[in-house]
Each structure stands twice: as C-alpha cells, then as structure tokens.
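Summary of structural features
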Amino acid sequence: MRATRRHKKHKWFFLTFCAFCAFLWLPLIGTAQTIRLDREWQLLIDRSGTASIASLPNNGWQPVRVGLSWNAQFDQLRDYMGIAWYRTRFDKPAIPNEGHVLIRFDAVDYFTEVFVNGTRVGEHEGGYTPFTIDLTNALHSGSNQLVVRVIDPPMDENENRARFPQMMYNEIPHGKQNWYVQTGGIWQPVWLEIKPHVYIERLHVTPEVSGQIEVEVTVSAGKTATESLNEKLSLVVRNKGGAIEFTRTTNVLKPGAVKFRGFIKSPQLWRLTTPTLYSVEVRIGIDNFKDQFGFRSFEARAGKFFLNGKPFFMIGALDQDFYPDTIYTPPSANYVRDQMLKAKSIGLNLLRCHIKVCDPTYLKTADEVGMLVWYEIPSWNDFNHFTLEAAARGEKTFREMVERDWNHPSIVIQSIINESWGADLKQESQRQWLRQASERAKQLTRPLHRLIVDNSACCQNFHVETDIEDNHRYNSMPDYHVPFDKWVADFATHPKWNFSSYGDARRTGQEPLVVSEFGNWGLPKLPHDLPWWFSRDFNGREVTRPAGLYDRFKQFQFERLFRDYNSLAEATQWHQFTSLKHEIEEIRSHASIQGYVITEFTDINWEANGLLDMWRNTKVYAAELQQIQQPDLVIIKPQKPNYRSGEVVEARIILSHYSDKQLRGATARWSTQSGLQGQVEIKPSITNGTTTSVGSIRFNAPKTDTARREPVKLEIRDKQGTLIAANSQDLNLFPTPAKSPNIRIVIDSTVDRGLATALIAAGYGISASDENLESVIITTTVNGVVQQHLSAGGRAIVIANAQTALPPTARWKIANRAGSDLDGNWVTNFNWVDNRAAPFNELSFNKILGFESYAVVPQ
C-alpha cells in the first residue's frame, strides 16, 4: 500500500516536472516569440558600389554592432555616406503550423534591401521609422544567411546625382545630421518575430478623458490576408495596480481592423506630476500584443493651452536628441530617464525633439516620467529647396510617425517644417502644399488631441495655417536686450507679419502665441579626455570648431582673469543664466504669450547653448533656473538696471499665474539687502491662466561709495503663509560721481555733442583743442593730432565705432559685429574686462559684463 502510494507520488512529481519543462519549452515550439538580433553581425563598406548579392567578397568584412550607426562605431567612417552591407546568420526557428517568421527593423538610414540565402525578400525607404518583412518562404532548415544592403545617399550633390539620382540628399528626410554628425545604417534594433498563422500586427488605443476608449486591433494572416478566419480575439485593459478595468472578446472572421469600444469608470488622468498609465493586452490564439496608454487631453482655444481642461503654460526646451558617443541612438533607457528627470528638475514641462523622429525609448520614458513632447518631420534640407518628391517623403514619414507612436500620451504637438526649411513660402504652390499638408496632419491626429504646426516660423518666413502661432528670436544679452524686448512686445500683439501676407492665410486669431526658439550660450566644463568630434566644425566655419580651445585660452590671455578654462566656463554659464532670466521674464510679462522653448536642452558638439552640457550634467545655475521655471512666476520689473545713490527706484510686480493655488488673501512681500521692505496685498480676482500686474515697489536707492549690486527679493505667500512664488532682481548701484574740475577734456568734432553736455553737467572742463598733456582727448578716430598727443605721453579715449578708428599700423584690428559670426546673436557675445584695475574696478561687478554695460557695449 505504502509502495503504491510512493509510486503514485513519484509518478505525479515526474508528470508535473515534465509539464513544467514543457511549459518552459513552449515558447520554442508553439508560441509567438520576439528575438533581438544583435550578435555576430559583420559590415562591408562598398565605396565603389559595385558589389551585388551574387558577388559579395569574402574579405573586407569587420565586426559591427547593429542598433548603432556605422558613423558612431568607426573613426574612419564618421562621415561615410554611400553603400554598406551587413550580414549575419541564424538558425531557422521552430515555426507554429502555417506560421510566419518576420524581421523587424526599428530604423535604418536610409534605403534598405533585405536578402535571405541570396534571395531578395523586401526593401524600405526612410531612415527613421520601423518596417517588417516576411522571411518565411526564403528560409531553409538549419543555418540561414541574412544580408542587408543599405544606401545612405551622399551629401555631395554631384556624387549624389551620379550614383543615386532617385534619392537626392536634399530631398530626403535627414534632419540636422549635416549640422553635427551623420547617421548611416542600422541605428536602431533588429528583431526576429516568430508568429502563428494569424497574428496581431498593430494596436491603437484612442482614449478620452471621460473614460471612453476605442481600441483598434489590426489582425494579419500574412500573405493570405483575404482568407476567411474564425479566431477568438480577446482584449484586457488594466489600471496601474494591475486590476482589470475593461475586457472584451470577439470572433475574427477575416484579417483587417477590429474595433472595441468601451468605457472606463473614473479614469485616472495622465498628468505631468502623476503620469498614470494603463496597460492594454490583446490576444489571438497563441499571439499577444501589449502596450501602454494614458487618459489626457491637450487643446488650444481662446489663445490658450489647456492640459486636461486646465490652463497650461509651456516651459520647454529644444532637444536635438544627439548623444556624445552614440550620435542618434540613446545609450540606454536609464540614460534617457536620467536626462528627462533632470529636465523636470529645472522646471521644464516639454521637450521639442527637433526635426527628428525620436527613438521609441525616448517616448516611452516621457510617458512614464510625465514629460510632454513636441516632435517634427526631419527636414530634407535647411534651405528652401522644394520638390514634390521631397514633400511626399516628408508626409510619408509623418504618417509612419503617427502609426508607430499612436499610443503615447506624452506627444502633444507635431510640426511639418521648421523655419521654412524645404519650402519657399514666397511661391503660391508651396504655400498651398503646406496648408494641405497641415490639414492632412490635423485630420490624421485629431483623435489623439495633438496640435499641428505648419511651419515653426523665424525671420522672414511665416505661417499659413497652424494650431500654434510660434516664432523664433535670437539676441545676445545684454547687448541686444532692447530689440529683444521690443520684438517680444510686438509678437505679443499677434502681428500680421507672422502669417502669410499673400491673402491665403487661414488665421483665427485664437492660436496660442509661443516663442519657440531663443537662447544664449554658456560654455561647458570639459572632461579630461576630449571627445573625437572636438576637431569638427559646421560647414568649415572656424568659429564652430572647438579644437584648440585651450590654446586660444592662453593666446587671448584669459589666464590673467580666470584660473583655468573651467573657471571661464562657469562664468559664462552664470552669464547664460542672467540672459535667460531676462528673456524668460520678458516673455512671461505678456499675458497673451502662452509658452516658450529655450534653445536648447543640452549642448551638442560645437553648440554650447544647452541647459545641460552634452554629457547631461546640469550647468551651475540649475537651482536658480528651476525657481523661475514654474507655473507661477512673480517678476520684478524695474524701469532700468542702473541707479545712483539716492535715486528713486520703481519696479512693477507682475504675476504669471498658471497653477491651481488659491491667491485669495495672498501677500507679496519684498525686501532689499539694505533692509528696506514692504508688501502688497494680492487682489482675489486673479484667476489661473493669467498674467497681470499686482502692484509696485518704490524706494530710494541706498547710498553707496562703490559700485555694487543690491538684490531685491520678493515672495508671494497665501493667507496660511505657504510659499506660492519667489524671485529676486539685482539692481546695479553706483555712487554719485565726484566733480572733477581739474581734469580737462578735449572732444574732437567726430564725437556726439551730447557727450560733451553730459560731461559738463558732471563738472568736467571741456576744451575744443589740445591744451596740454594733462588733457584727455575723446575721439572716434586716432588721427595725426591724437597720435602726436599720445607720442608725447598724453592720454586718449577712443570710441571705436568704425573699422577706421585705429590707424593701419595699430596692433589691434576692429571688425564690425553686425552681419557676421561676431555679432553674438547666434552664439552669444561674452564682453569681458579686467575688473581688478581702473577704470573697470569702479564700474563692473564681474569679469564678464552684465546689464550694467548694455548701453556701451562695442559694436
């Protein structure tokens, strides 16, 4: 009896063990599988373009990693554009009865042909979106050879036209690869998918914040796509805790789209602070498909943005989405998560992924951390070259972007073109194309509540029909802050110049205003080992070449002022923050403007205008930037930056209020470093989504014997004392000048007479001619009289406002900033002085000049 029981027990254990083993092996023999093909690939560069699948050489191959461009992997291929071949081998997998073996490429740049065992099985054009090819009929038992031929059309127009005239570089989407580093080949992962006879091809979830959802499942049977079926398709939606919220089952009678409609009670909305995601899983036979989605709405109405029905102020940064070593490919999911959390930590709520289709990891992470995304069709050129073929490729890419990224709640805005790159909007036919493309894009994305920008405008180009009225503006600070402020004030009025003047604009006047590009440079601190791209420049422009930086630091004698290069870099970063603070506060002072996008999120190669450096380290001002990048921002706006002792200081208090915090009973309290203070009661009528003046500050500037800064601090607290917003503003204080009747000044005829009037009022004696060596000559030109005075030991002040100010023999040369790379508007002008000695020890506060100097910066 006992032996029998023992035998049964052992038999039960044996059968259970066998069943468990069968369960483990089940994926290999009877279920759908997805296998990443990332090992044992080889690369062959075909510079002549003469190789064919039938005549591939045996030598010349080198190991390569797929999922990363050849440009990122090999020094000798940084700029290679042309033909390359990839190859690998894999064993034929166990295939379910009448099943399929598919290969999926997430992205290959640019044109791809795929061969299995010498047979061509498919092709794809486009460098940013995924494609799948059925390999089933080309496979045989045992080992199979997979070969991929890639064409990345060359940038050189003559070579391009001679070799690949059907794919001209300036007519294919490539984004800003030509600005930084090219991306060629298989730059995203490759997957082998083993599917049953009937499988799930695509899953789109369209949610509404009311809880209504529509799930569209595309069912495929491969090449037998029209046959009759009788398969059960099931759907399950779960909340973030894993509980089932919705389930449905239906019979599928033929391949194609199957729709489920239902309702989720009390949906948890996807918000920036709580990005709640739901999971969705569909299953048919042994195949299943999983994804995530979120309930959120984003809309533009009455000139404002609304996120989930609440007013929203866009605080964004332009993200080129390039990486230090991997170029286009994100190094890892953790890397992307870390940079997005840093973006949130400095107050950003949106990243504008600039003219690039970001990697799926980027969007998945944005969904999970609560970061909005605005992304764009990669431009086909950065001039106005337009063809119908280029436009068709761009719109095809757009459709594929929408199809791939349908389920991402983080995506709220998509653009067609940027700064009129790829279109000449002076041409009626091209304006008509842009409007029609914008309409097609709106129709395609309407269920997803995304906004469409036709042309993110700049300079002399404009909008035709758009959901957002945006424009770009770059000015060096503080040199050109006055024209920047005037431009912003004009932009805030919805100016006519921002839309087509040809009578064909479709403008409602209700489009939200966004300053979608502006910014300043702050040099990065550098690693010990300089990166490989340090010697590269942009189109041969020397000013964009980082190499030689340390030599220039010594050559320009910066070591007199800064301990080392990193000290200089830190000083420029603080200057960058001072500039950004002014620009952000100016933008947010205008009630009609609903957002901004700083150029840019991270430094990239030769550009140093990032809020983070290229290695994703925050710059020195991260905490200060975070304070002013909040839904609620209080702004102190003095009438001017500079004051004399005793002079009346007046400043407006402006509140940009976009949070849900209640202001009834709130108080604005201000104080100065010198001990002055006051408060202003906030009127209870202020509602969220508004910008308004809430009062003013008035006091006499404290007495000072030296030039110094006087910080004015301001806090807004509610009636319970909870902090709502805080900010500060530095005032530049100067002592009342002592009269100097003993100093004689000679002003020659080239100098503006207003200066003479001011100097007389300050107590200086003014002469019309050189009286003696003690006189100081003020002039705009070093002529013979001035040279004689200097040679005799006299002194002169030269207002060098022309290239002819100095004689040809002078050691220094003068160049006009305007109209050149030296104007600073593109890259920022760092005006530096040695403030340890006269006269700058009495005039400046830092080695790099700030707003105290804006009126006298040399041009």
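Structural notes, computed from the coordinates. (Residues numbered from 1 in each chain as written. Predicted model: local features only at pLDDT ≥ 70, side-chain atom pairs only at ≥ 80, totals over all residues. Heavy atoms only, no water.)

1. Section: the packing of aromatic side chains
Scanning the entire structure with this criterion turns up 40 aromatic pairs. Ring centres 6.2 Å apart and planes at 50° place the aromatic pair Phe462 and Tyr502 in the tilted group. With Phe462 in the loop between β27 (451–458) and β28 (469–472) and Tyr502 in the loop between α8 (481–491) and β29 (513–518), this residue pair connects regions lying 40 residues apart in the sequence. Residues Phe553 and Phe558 carry aromatic rings whose centres are separated by 6.1 Å and whose planes lie at 20° to one another, so their mutual orientation is stacked. Aromatic rings pair up to connect Tyr128, Trp179, Tyr180, Trp187, Phe322, Tyr328, Trp421, Phe538, Trp606 and Trp826 into one cluster. Of note, Arg301 hangs over the ring of Phe306, and the distance from its end group to the ring centre comes to 3.8 Å. A cation sits over an aromatic face here: Arg352 above Trp374, 5.1 Å from the ring centre. (Phe/Tyr/Trp six-rings, centres within 6.5 Å; stacked < 30°, edge-to-face > 60°. Helix = DSSP H or I, 4+ residues; strand = E, 2+ residues; numbered from the N terminus. Lys NZ or Arg CZ within 6 Å of the ring centre and 35° of its normal.)

2. Side note on the packing of α8 against helix α10 (residues 565–588)
Packing of α8 against α10 leaves a shortest axis separation of 10 Å and a crossing angle of 25°. The orientation of α8 relative to α10 falls into the category roughly parallel. Crossing hand, α8 versus α10: right-handed. Between α8 and α10, the residues in contact are His481, Phe484, Asp485 and Val488 and His582, Glu583, Glu586 and Ile587, respectively. Residues that form the contact of α8 with α10 fall into these classes: 3 nonpolar, 2 polar and 3 charged. (Axes fitted to C-alpha atoms, helices over the stretch in contact; angles between N-to-C directions. Parallel < 35°, antiparallel > 145°, perpendicular 65-115°, else oblique. Left-handed = near helix turned anticlockwise from the far one by under 90°. Contact = heavy atoms within 4.5 Å. Nonpolar A, V, L, I, M, F, W, Y, C, P; charged D, E, K, R; others polar.)

3. Quick notes on the pattern of salt bridges
Taken as a whole and judged by the stated rule, the model has 47 salt bridges. We note a salt bridge from Asp287 to Lys195, for which the minimum N-O separation is 3.1 Å. Residue Asp287 is found in strand β19 (residues 287–293), and its partner Lys195 is found in strand β12 (residues 190–195); the two are separated by 92 residues along the sequence. A relative accessible area of 0% means that Asp287 is categorised as buried. The shortest N-O distance in the salt bridge between Glu216 and Arg202 comes to 4.0 Å. Within this pair, whereas Glu216 is found in strand β14 (residues 212–220), its partner Arg202 is found in strand β13 (residues 199–207), the two being separated by 14 residues in sequence. Take Glu216: its relative accessible area is 19%, and that puts it in the buried class. With a relative accessible area of 22%, Arg202 lands in the partly exposed category. Look at the salt bridges and you will find they share partners, linking Glu439, Lys442, Glu465, Asp467 and Arg506 into a network. (Salt bridge = Lys/Arg side-chain N within 4 Å of Asp/Glu carboxyl O. Buried < 20%, exposed > 50% of the residue type's maximum accessible area, 1.4 Å probe, protein only.)

What is shown is where atoms sit, not what they do.
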